Structure formats: C-alpha cells, structure tokens
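# A structural walkthrough
Chain residues, written in single-letter form:
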Amino acid sequence: MPIHSVAEPELFDLAALPGDQLSAVTSEALGVDIQINDVSVSPFPYNWGAVSTAGLWRVDVSGRSAAGSASYSFFVKLLRHPRLWPYIEMIPEGPPRDLFLRTVPWRIELEMLESGIADLLPPGLRTPNLHAAKSHDDDHVALWYEFVTAWPGEWSLHDYARTASQLGRLAARRRLGAAVNDRLPAYCLVEPREGALRYYVEHRILMATVPGLRDGRVWQHPGLAKALAELGDPTLPADMVALADRLPAILDLVESLPQTFAHGDASPQNLLVPQDARDTRVVIDWGFGTPVPVGFDLGQLLVGLVNDRVCNVDRLPPIFEAILSSYLGGLAEEGYDEDPEVVRTGFVGSVVARTGLVAVPFELLDQPAVEEHHDLFVNQLQLTRYLVDLSATLAV
C-alpha cells in the first residue's frame, strides 16, 4: 500500500490510519470490500493561525473490489490541543494563558457530531460523513471525513437567502431551554456573560487589538497608510477607536437579547455547496459553542466571502437585507416568532463586536514584503468602514 505526496510526513503520521483500518473504513464508505493498491496524500490549504487545526489533507485511496477498480477520497483534519498552537506565546503566561487553555473548545467539531447535531439539522443542511476518528494521544484527534467536491460558482442572492432561512430554523430548534441542548458538552452550557463571544471580544479585541489602535502607531506603517490614503477615509482610525469605546456596551446589549445555540462560524466557506446538490449545505467547522444572541450566525454569513476577497463590499447591503428577512422566515417556520428589530440587533451587534475591529490583518504588518498585501489591506479597510457605519444603527 504505497503512500506518496505527503508534505510534513511526521505531522500526517499523527492522523494516518493503520493499513487494515484504512481498508475497512474505505470498504465501508464504498459499500464493497476493497483491496487497496495506492494511497495519495495531498496537503490542503488552511489558515495557519487557526488555534485547533494542525493540518488538513485530501487522501485518495484506490484499489480493486470483486467488481473491478474502485476509489474513494477522504478529507482528513488533525485537531490539536491549544497548548500546541504555534502562537501560544502571544498569550501571556499565568492566568491569561491558563484560562485560554481551559476554555478553547479544541474538540468541538467531534463533540458536535457526537451530540447528535446531524439529527437536528433542518432540510437542506447536513453534516459530512465522518468515517473515522483517531485519537493519536491526549493532544491530537484526526477526523476522516468524506471529501466534498464543492460547487465552484459565485454565491447568488438566492444562495444567501436560502442558507439564512436554514440557519434561522436551526437557531429556533436550538433556542435556550430546548431539550436538544442537554446533549451538548458541559462547557457549552454557560451563561452568556461567561460565553465564547465575551471571551473573544475581551481578550482578542479589547486586550490584544485595541491598545494598538489607541496609540495610533499601526497607521504609521507605510503599507497601511498607503491603503488608507487610497480609500480617502482619514477618519476611519478615530472611528475605530470610538467603536472600541462602545464595545463593552454592545456586548451588554447583545447578551440581554434572547439567546440560542448556533453554528458559530457560519461563513459560506463552512457551509459547503456540493457540486451535485446546489440546494444542500454541508456544515463544517462549528465554533462559538456557547449561547449567542439570536441572529448571530448572520454575521459570518454576511462577511465571510469578503474576508476571502471573493465578494466585494458593495454587495453587502442587498445581502444584508436578504439574509435578515430569510432568517426571520426560518425562525417563524419553527414557531419562533421574534421581533425583527431584536434579531437585527443580535445580528448587527454580534458582527460588529466580533469583526468590526479585527477585519484588518494587522499581524501582516510585521512581514517584510507587506506591499504584496496592498489589495488585501484596501479590501479589509473597506469592510471595516462598512461595519463601523453599521454599528451606528445600534442603540448604544
């Protein structure tokens, strides 16, 4: 069973299945017994800064069955304990790092599947088939999924609206007090003020990002200064600081709203559209596992493709209106009638708090070839302006 094309083979060794188990898993996936002849492993691109993701690979298995040649493709994800995150030194030692290591739900992807979330998804949403889960040690878990060939086209307004309706139905089914939530991991079942959104805003934004915005030095960087000048938006730095001053009140506001459990990172990149099933979304990469305000998932649905520069900022206003209306419709389909202004506040407050001050990748300013990122800085500054202006619609 030759294995070839492996980048970082030592890392993939933590995820690899023994030959007999791989044969059994592949045979089960295909529905026929297969004798494996070849295994090809290709690294899959991903965000290297992700705390819990150690590696992604596509694994193509080929061989023969009684009926002839057969093949199957897996998507393999290696999860790691946050203590192994390459940027752990960014978190100060002592209580801050201890809290970080205690609270990051690095196994949430597996735990969501084990909670039976697949049985709760509304029509049109499904989880990927998980063929195997391998715990190499206490710090690593490898998940062997089906490989979903995603539709390569641009998302239409209909795609956004349909997805928002499905997310609304999911949020209604998972509202606080619903019996299905009893199956969640214990760390999910906390009060909003102890939840993931507040932790993220207070630590990732208010403690790590805002000080640099206040002293203004980031804007003196030639790369960022050039992008800001090109946009002709000299008040943006001061407006971002003003938003920073409002973030504690925005957090309090959204935590006072009706809460639900959500996907937590519902960007289109995590809601795969299979090439052979355009109306289906394959749900991956669950996040923010604690209660969040109703409307929360609309935030990443709105801005996810802008962050990847697949969607222009000028498309956001019609997308905003379409997904808000469809999400409200999804809630109503499940018998959850909520004041549209409450849902809008949960939507806007969440995305502003989560993304409004961290859309710009300030971490890239330390790279020597920062001029290569000019278009990215311009794009993200445009997104930041959109979100800062959106925050003005909140009553705080």
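Quick note: structure is the one above.
In what follows, the accompanying structure is described. Worth saying up front: this structure is predicted, and the values here are computed from it rather than measured. (Residues numbered from 1 in each chain as written. Predicted model: local features only at pLDDT ≥ 70, side-chain atom pairs only at ≥ 80, totals over all residues. Heavy atoms only, no water.)

## Description of the overall build of the protein
In terms of regular secondary structure, the protein is built from 13 helices and 11 strands. Over its C-alpha trace the protein gives a radius of gyration of 22 Å, about what one expects of a compact globule, namely 21 Å for 396 residues. The buried share of the protein, reckoned over its 396 residues, is 55%. Partitioning the contacts of the protein with sequence separation of at least 6, the portion at a separation of at least 24 is 74%. When the accessible area of the protein is evaluated, it comes to approximately 17,400 Å², of which 52% is carbon and sulfur surface. The averaged location of the 52 negative side-chain charges in the protein is 2 Å from the averaged location of its 30 positive side-chain charges. (Helix = DSSP H or I, 4+ residues; strand = E, 2+ residues; numbered from the N terminus. Rg over C-alpha atoms; globule rule 2.2 N^0.38 Å. Buried < 20%, exposed > 50% of the residue type's maximum accessible area, 1.4 Å probe, protein only. Contact = heavy atoms within 4.5 Å. Areas by Shrake-Rupley, 256 points an atom, 1.4 Å probe, with all protein chains shown as cover. Lys, Arg positive; Asp, Glu negative; His and termini not counted. Charge placed at Lys NZ, Arg CZ, Asp CG, Glu CD.)

## Description of the side chain of T163
Counting through the fold element by element, T163 comes out in helix α5 (residues 157-173). You can call T163 buried: its relative accessible area is 1%. In terms of polar contacts, T163 uses its side chain to reach the backbone carbonyl oxygen of D159, at 2.7 Å. In contact with T163, not counting residues within four places along its chain, are W155, L271, R281 and L301. (Polar contact = N/O pair within 3.5 Å; in protein donor to acceptor, adjacent residues only side chain to side chain.)

## Section: the sheet that holds strand β9 (residues 271-272)
Across the sheet, three strands lie side by side as β5-β10-β9; this open sheet has mixed pairing. Of all the strands in the sheet, just β5 (125-126) and β9 have a single pairing partner and so form its edges. Bridge analysis of β9 against strand β10 (residues 281-283) gives two bridges, and the strand direction is antiparallel. Counted as the bridge partner of L272 is V282 from β10. Sheet strands in contact with α5 are β5, β9 and β10, and its direction is about 50° off that of β10. (Pairing = 2+ DSSP bridges. Axes fitted to C-alpha atoms, helices over the stretch in contact; angles between N-to-C directions.)

## Overview of unusual backbone geometry
Look at D285: it is not a glycine, yet its phi comes out positive at around 55°. One can find D285 in the loop between β10 and β11 (292-293). Of the residues examined, D285 reaches a relative accessible area of 24% and is grouped as partly exposed.

## A word on helix α13 (residues 374-391)
Taking 1.5 Å per residue, 18 residues should reach 26 Å; α13 reaches 26 Å between its end C-alpha atoms and fits that length. Most of α13 is tucked away: 15 of the 18 residues are buried. (Expected span 1.5 Å × (residues − 1).)

## A closer look at the packing of α5 against helix α10 (residues 298-307)
At a minimum axis distance of 10 Å, the contact between α5 and α10 shows a crossing angle of 155°. Between α5 and α10, the crossing angle belongs to the class labelled roughly antiparallel. The hand of the α5/α10 crossing is right-handed. From α5, Y160, T163, A164 and L167 reach across to α10, where they touch L298, L301 and L305. Here the residues of the contact of α5 with α10 sort into six nonpolar, one polar and no charged. (Parallel < 35°, antiparallel > 145°, perpendicular 65-115°, else oblique. Left-handed = near helix turned anticlockwise from the far one by under 90°. Nonpolar A, V, L, I, M, F, W, Y, C, P; charged D, E, K, R; others polar.)

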